[in-house]
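These are the residues of each chain, in order.
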Amino acid sequence: MKLCRFNTDRLGVVFADQIADVSEALDVLPDYRWVPPQGDPVILHLEEILYRIKLLLPKAPRHPIHHLTLFSPVAAPTKIIGAPVNYHAHLHEAEQDHQINRGNVVHKIDEIGCFLKACSALTGPESVVRIPFPEERVDHEGEIAVIIGKAASKVTAGQAMEFIAGYSLALDMTVRGTQHRSMRKSCDGFAVLGPWLVTADDIADPTCIAFELTVNGEVRQRADTSLLIRNIAQLIEMCSAFYTLLPGDVIMTGTPAGVGPVVPGDRIEVSSPTLGSLGITMA
Ligand code: MN
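Quantities reported herein were computed from a predicted structural model and do not represent experimental measurements.

Tell me about the overall build of the protein chain, and please be specific about residues and values.
A count of helices and strands for the protein chain gives eight helices and 20 strands. The C-alpha radius of gyration of the protein chain comes to 18 Å, within 12% of the 19 Å expected for a compact globule of 283 residues. Expressed as a percentage of the 283 residues in the protein chain, the buried residues total 53%. Considering only residue pairs separated by 6 or more positions, the protein chain has 77% of its internal contacts joining residues 24 or more positions apart. Summed over its atoms, the accessible surface of the protein chain is roughly 12900 Å², and 53% of this surface lies on carbon and sulfur atoms. Each charge sign in the protein chain was given a centre, from 24 positive and 33 negative side chains, and these centres are 2 Å apart.

Go over the nonpolar core, please, and point to the residues and values.
In this structure, Ile53, Leu171 and Ile236 are the most contacted members of the largest nonpolar core, which totals 81 residues. Apart from the residues lying within four places of it in its own chain, the contact partners of isoleucine 53 are Met1, Leu3, Leu11, Val13, Val22 and Ala25.

Describe the sheet that holds strand β10 (residues 138-140), listing the residues and the values that go with them.
Strands sit in the order β13-β10-β18 across an open sheet of three strands; the sheet is antiparallel. Of all strands in the sheet, those with a lone pairing partner are β13 (174-175) and β18 (260-261), marking the two edges. Both β10 and β18 contribute to a ladder of two bridges, which runs antiparallel. Across the sheet, histidine 140 pairs through a bridge with glycine 260, a residue of β18.

Summarise the sheet that holds strand β9 (residues 128-129); cite the residues concerned and give the values.
What the five strands build is an open sheet, ordered β9-β20-β19-β15-β16; its pairing is mixed. Edge positions in the sheet fall to β9 and β16 (218-224), since each of these pairs with one other strand and no more. The pairing of β9 with strand β20 (residues 276-282) spans two bridges and is classified as parallel. Following the sheet pairing, valine 128 is matched in β20 by threonine 281.

Hey, could you go over the pairing of strand β19 (residues 267-272) for me, with residue numbers and the actual values?
Looking down a regular strand, the side chains alternate between one sheet face and the other. Of the two faces of β19, the one lined by Ile268, Val270 and Ser272 is fully buried and the one lined by Arg267, Glu269 and Ser271 carries no buried residue. Across four bridges, the pairing between strand β15 (residues 210-215) and β19 is antiparallel. Counterpart to threonine 214 in the pairing with β19 is glutamate 269. Two elements, β19 and β20, share six bridges in a ladder whose sense is antiparallel. When the sheet's bridge partners are listed, arginine 267 is paired in β20 with threonine 281.

Give a description of unusual backbone geometry that names residues and reports values.
Note that the residue after glycine 194, namely proline 195, is joined by a cis bond; omega there is 0°. A positive phi angle is found at threonine 8, which is not glycine, with a value near 75°. By secondary structure assignment, the location of threonine 8 is in the loop between β1 (2-6) and β2 (10-15). Even without being glycine, arginine 102 reaches a positive phi, approximately 50°. Relative to the elements of secondary structure, arginine 102 occurs in the loop between α4 (98-101) and α5 (109-112). Look at arginine 102 and you get partly exposed, because its relative accessible area is 22%.

So, helix α2 (residues 46-56): which residues are in play, and what are the values?
Within α2, the full set of buried residues consists of Leu46, Ile49, Leu50, Ile53 and Leu56. An end-on view of α2 places all buried positions within 120° of arc, on one side of the element. Exposed residues lying more than 90 degrees from the buried face of α2 are Glu47, Tyr51, Lys54 and Leu55. Elements in contact with the buried residues of α2: β1, β2, α1 (41-44) and β12 (164-172).

Which residues make up the packing of aromatic side chains, and what values do they have?
Geometrically, a pair of aromatic rings is defined through the distance of the ring centres and the angle of the planes. As enumerated under the stated definition, the model contains zero aromatic pairs in all. Directly above the aromatic system of phenylalanine 15 lies the positively charged group of arginine 62, at a separation of 4.2 Å from the ring centroid. The ring of phenylalanine 163 carries lysine 150 above its face, with NZ or CZ at 5.2 Å from the centroid.

Go over the environment of serine 153 with me, naming the residues and quoting the values.
Tracing the sequence through the fold places serine 153 in the loop between β11 (142-148) and α6 (157-160). In the structure, serine 153 is positioned 92 residues away from leucine 245 in sequence and 6.5 Å away in space, judged by C-alpha atoms. Once you skip the residues sitting within four places of it in the chain, serine 153 turns out to touch Ser240 and Thr244.

Cut-offs applied
Residues numbered from 1 in each chain as written. Predicted model: local features only at pLDDT ≥ 70, side-chain atom pairs only at ≥ 80, totals over all residues. Heavy atoms only, no water. Helix = DSSP H or I, 4+ residues; strand = E, 2+ residues; numbered from the N terminus. Rg over C-alpha atoms; globule rule 2.2 N^0.38 Å. Buried < 20%, exposed > 50% of the residue type's maximum accessible area, 1.4 Å probe, protein only. Contact = heavy atoms within 4.5 Å. Areas by Shrake-Rupley, 256 points an atom, 1.4 Å probe, with all protein chains shown as cover. Lys, Arg positive; Asp, Glu negative; His and termini not counted. Charge placed at Lys NZ, Arg CZ, Asp CG, Glu CD. Core = buried A, V, L, I, M, F, W, Y, C linked by side-chain atoms within 4.5 Å. Pairing = 2+ DSSP bridges. Arc of directions from axis to C-beta. Phe/Tyr/Trp six-rings, centres within 6.5 Å; stacked < 30°, edge-to-face > 60°. Lys NZ or Arg CZ within 6 Å of the ring centre and 35° of its normal.

And the structure:
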């Protein structure tokens, strides 16, 4: 099932070019006064919500998708995790290109593990993303994102896939500079997620999800998840060894070769036969 968030706080199911409004399913969400439960509320209650959706769908009003505004399918992750240099071909280009490595040694993911992006960087699939420092190079990184479905602590790669709620496309936007990744990948709008969440049961083979990225229509990145250095299950094992992954947490699994700079006015599109497509404009 393809679950989307539209018009700020509406829940939809995507069918080709239409969205069925199943926002009534959100009635199962509990009220709280102060301390919310940890995790994205919709993903925390996804099982109940999916059950409600199935009851609502036959009578749910449908709208043409282009009449609605899509938002990040996860509204409130507790963590957005990034996987640094996780495709061999990108490792090679990062080692060769001073404009990418900025004189730093390119460390391998097995040495340094993953990094965190600020959750305030999260934005939706039709966003305008502002370049914060005109004098600095800002790159696109098209990626496959995994959305965690249930709390995962110290899980093995063998168990890991059971903890996944679904998949989305992502952009891990990046300032090329000498700052820590947690700063230069956390600018407002630098974590793009969408266009919707495809539930895990709808992805036949998560070890081979294909995607490509274009800038102004020109293909810049093309890969699939079989080419990851650390695959999805291994990333979950690696991260959950250090901290508990919570429902709604997002793991951006890494970018393939072909990263490059963007400037105001550029249109970046990321698309996948299984996950749909998103398109943002740089400003
Ligand atoms: Mn990345």
